[in-house]
Amino acid sequence: MIEVKNLTKMYGRARGIEDLTFSVEQGEILGFLGPNGAGKTTTMRIITGYLAATSGTVRVAGRDVFEDAMETRRRIGYLPENPPLYREMTVKSYLQFVCEIKGIPKSQRAAQVARAVEACGLGPVYGRVIQNVSRGFKQRVGLAQALLGDPDVLILDEPTVGLDPRQIIEIRQLIRSLGGKHTVILSSHILPEVSMVCGRVVIINNGRLVAIDTPEGLARRLRGSQCLAVRVRGPRDAVASEVRALAGVRSVSVDDSEPQRDAGGTHRRDGEVLLSVETELSADVREALFFKMAERGWPILEMRFVDLSLEDVFLRLTTEEKLEDSAEVAAGA
């Protein structure tokens, strides 16, 4: 649905972005991440046709953004970081105005506005002047205008800024529901939000692409191995020794510092051992581990993969001394 190839934008001698290449599949929700000043907003403005590129191409639904600007803009809904609101208008009149400037036929405007108002929870402020509603509702009005026209592509720059926790959850659920029908590029500084909503992420730094993959794929490649958290009821040293002997296991460490209350809120009982098992990327030791513990009569109470968090991945890829490694991550994507 979106193809970005060799995209570069120069501001005089200053580089905004350089040689960016990535694609977004139809119906995908893609996270777009980078530090402040990395070039995220520049890239999104170019994709929407708001800003011209110095070189490179952008295609939306097979159409060139620069050569067929009007048609591609009809296919895109854009929510900038600062929503484009006329604060002296009511929510109702503003959304009707957006329908008009988007060229939505008069016969469809009422239904379009009604759907956007319901989706964004704007019913309580529908008749109010925009400058008199809360920042959270202003953000919702901005999202509603992006949805008008039922665009194929949604470009959302910090869509949950200014929302309270309940509103953030509601907008997150809304964005997740938009996937499949719409192709979404989501930029956010709230990285857990990106992890919960997006199937893949693009990370840029200093205007350059440093990685593109699923959050889990990035974590495993950066770690260079897989990590299993395993809780077993059995003798501490013997359990660790048996697990170390399994093919594909790099190392085993026993977590003796774990508090007596586990993640589920239940107390850890005596005789339970929590292991951190590092394995080769190509090795899946879960089945062998299961049969070995069963053979010894030591029940497995928990076994799960543990990945680096998206925050860990982001910091590693956008810290200067790590960029040499991140180039390899981007090349392997």
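Chains are numbered independently. Their residues run from 1 in the order of the written sequence. Note on the predicted model: pLDDT of at least 70 is required for a residue's local features to be given, and 80 or more for side-chain atom pairs to be given and counted; whole-chain, interface and lining totals, by contrast, use all residues. Excluding hydrogens and water, the side-chain figures rest on all heavy atoms present in the structure.

A. Representation of the sheet that holds strand 2 (residues 14-24). Reading across the sheet, the four strands line up as 2-1-4-5 and stay open at both edges, with antiparallel pairing between neighbours. What marks the edges here is a single partner per strand, and that holds for strand 2 and strand 5 (63-64). By the convention used here, strands pair only if DSSP detects at least 2 bridges between them. Strands here mean DSSP runs of E at least two residues long; helices mean DSSP runs of H or I at least four residues long; both are numbered from the N terminus. As paired strands, strand 1 (residues 2-11) and strand 2 are joined by seven bridges and run antiparallel to one another. Considered in strand 2, the bridge of Met-10 is made with Arg-15.

B. Summary view of unusual backbone geometry. Positive phi, normally seen in glycine, also occurs at Ala-61, with a value near 55°. Looking at the element boundaries, Ala-61 is found in the loop between strand 4 (55-60) and strand 5. Positive phi values are uncommon outside glycine, yet Asn-206 reaches one of about 55°. Checked against the element boundaries, Asn-206 lands in the loop between strand 9 (200-205) and strand 10 (208-213). Relative accessibility under 20% of the residue-type maximum defines a buried residue, over 50% an exposed one, and the middle range a partly exposed one, all with a 1.4 Å probe and only protein chains included. We classify Asn-206 as partly exposed; its relative accessible area is 37%.

C. Inspection of the nonpolar core at higher detail. By nonpolar core is meant a set of buried Ala, Val, Leu, Ile, Met, Phe, Trp, Tyr and Cys residues that side-chain atoms within 4.5 Å join together. If you look at the biggest cluster of nonpolar residues, it comprises 52 residues, and the most contacted ones within it are Leu-95, Leu-122 and Val-313. Here this core gets six residues from one element, more than from any other, and that element is helix 5 (residues 135-147). Here, residues are in contact when the closest pair of their heavy atoms is within 4.5 Å. In contact with Leu-122, other than residues within four places in its own chain, are Val-91, Leu-95, Val-117, Phe-137, Arg-140, Val-141 and Ala-144. Core analysis: the second largest hydrophobic core is formed by 24 residues, Ile-2, Val-4, Val-65 and Ile-76 among them.

D. Summary view of the layout of surface pockets. Cavity and pocket criteria rest on a 1 Å grid covering protein atoms alone: a 1.4 Å probe that fits but cannot get out defines a cavity, protein on both sides within 12 Å along at least 5 of 7 lines defines an open pocket, and an atom within 4 Å of a point defines a lining residue. Grid points are joined across faces, edges and corners, and a volume is the space filled by probe spheres set on the points. Each pocket or cavity is described by its volume, and for the largest pocket that value is around 880 Å³. Contributing to the lining of the largest pocket are 25 residues, with Arg-73, Ile-76, Ile-101, Lys-102 and Gln-145 lying nearest its centre. Of all the secondary-structure elements, those providing two or more residues to the lining of the largest pocket are helix 2 (69-74), strand 6 (76-79), helix 3 (91-101) and helix 5. The greatest single-element share of the lining of the largest pocket, amounting to four residues, is contributed by helix 3. For the lining of the largest pocket, a count of residues per class yields 15 nonpolar, six polar and four charged. Forming the boundary of the second largest pocket are Gln-112, Arg-115, Ala-116, Ala-119, Leu-147, Asp-150, Ser-177, Leu-178, Lys-181 and His-182. Put simply, Ala, Val, Leu, Ile, Met, Phe, Trp, Tyr, Cys and Pro go in the nonpolar bin, Asp, Glu, Lys and Arg in the charged bin, and everything else, Gly too, in the polar bin.

E. Focus on helix 1 (residues 40-47). Counting buried positions over the eight residues of helix 1 gives six, a clear majority of the element. Those residues of helix 1 that sit buried are Lys-40, Thr-42, Thr-43, Met-44, Ile-46 and Ile-47. At the C-terminal side of helix 1, Gly-49 shows a positive phi close to 85°.

F. Structural view of the sheet that holds strand 11 (residues 226-233). One open sheet holds the four strands; their spatial order is 12-13-11-14, and the pairing between them is antiparallel. The open sheet has two edge strands with one neighbour each: strand 12 (249-254) and strand 14 (300-305). Strand-to-strand twist of the sheet, defined as the mean angle between neighbouring strand axes without regard to direction, takes the value 20°. Axis definition: a line fitted to C-alpha atoms, over the contacting stretch in the case of helices. Angles run 0 to 180 degrees between N-to-C directions. Across the sheet, helix 9 (residues 236-244) lies against strand 11, strand 12 and strand 13 (272-279), angled at about 165° from strand 12, the strand it touches most. Across the sheet, helix 10 (residues 286-296) touches strand 11 and strand 14, and the angle it forms with strand 14 is around 170°.

G. The arrangement of the packing of aromatic side chains in detail. Any Phe, Tyr or Trp ring, taking Trp's six-membered ring, that has another such ring centre within 6.5 Å forms a pair; planes under 30 degrees apart are called stacked, those over 60 apart edge-to-face, and the others tilted. Across all of its chains, the model carries four aromatic pairs by this definition. Measuring from ring centre to ring centre gives 5.7 Å for Tyr-86 and Phe-97, while their planes differ by 80°; the resulting arrangement is edge-to-face. With Tyr-86 in the loop between strand 6 and helix 3 and Phe-97 in helix 3, this pair connects stretches of sequence that are 11 residues apart. By relative accessible area, Tyr-86 is classed as partly exposed at 41%. Among the aromatic side chains, those forming a connected cluster through ring pairs are Tyr-86, Tyr-94 and Phe-97.

H. Layout of helix 6 (residues 165-178). Every helix has an expected span of 1.5 Å times one less than the residues it contains. Spanning 14 residues, helix 6 covers 20 Å between terminal C-alpha atoms, matching the ideal 20 Å at 1.5 Å per step. Considered for burial, the residues of helix 6 that qualify are Gln-167, Ile-168, Ile-171, Arg-172, Leu-174, Ile-175 and Leu-178. With its buried residues spanning 160° around the axis, helix 6 presents them on a single face. Looking at helix 6, the residues exposed on the side facing more than 90 degrees away from the buried face are Pro-165, Arg-166 and Ser-177. Its buried side turned inward, helix 6 meets strand 3 (29-33), helix 4 (106-120), helix 5, strand 7 (153-157), strand 8 (183-187) and helix 7 (191-197). Relevant arc is that of directions from the helix axis to the C-beta atoms, nothing else.

I. Layout of the confidence of the model for the protein. You can read pLDDT as the predictor saying how much it trusts each residue, on a scale of 0 to 100. Averaged over all residues, the pLDDT of the protein is 86; the fraction at 70 or higher stands at 91%. At the low end of the mean pLDDT range in the protein sits helix 12 (residues 323-332), at 46; at the high end sits helix 3, at 96. Taken as a whole, residues 260-268 scores under 50 in pLDDT and shows nine contacts with residues more than four places along the chain or in a different chain. With pLDDT under 50 throughout, residues 320-333 is counted as low confidence; its partners more than four residues away or in other chains account for 19 contacts.

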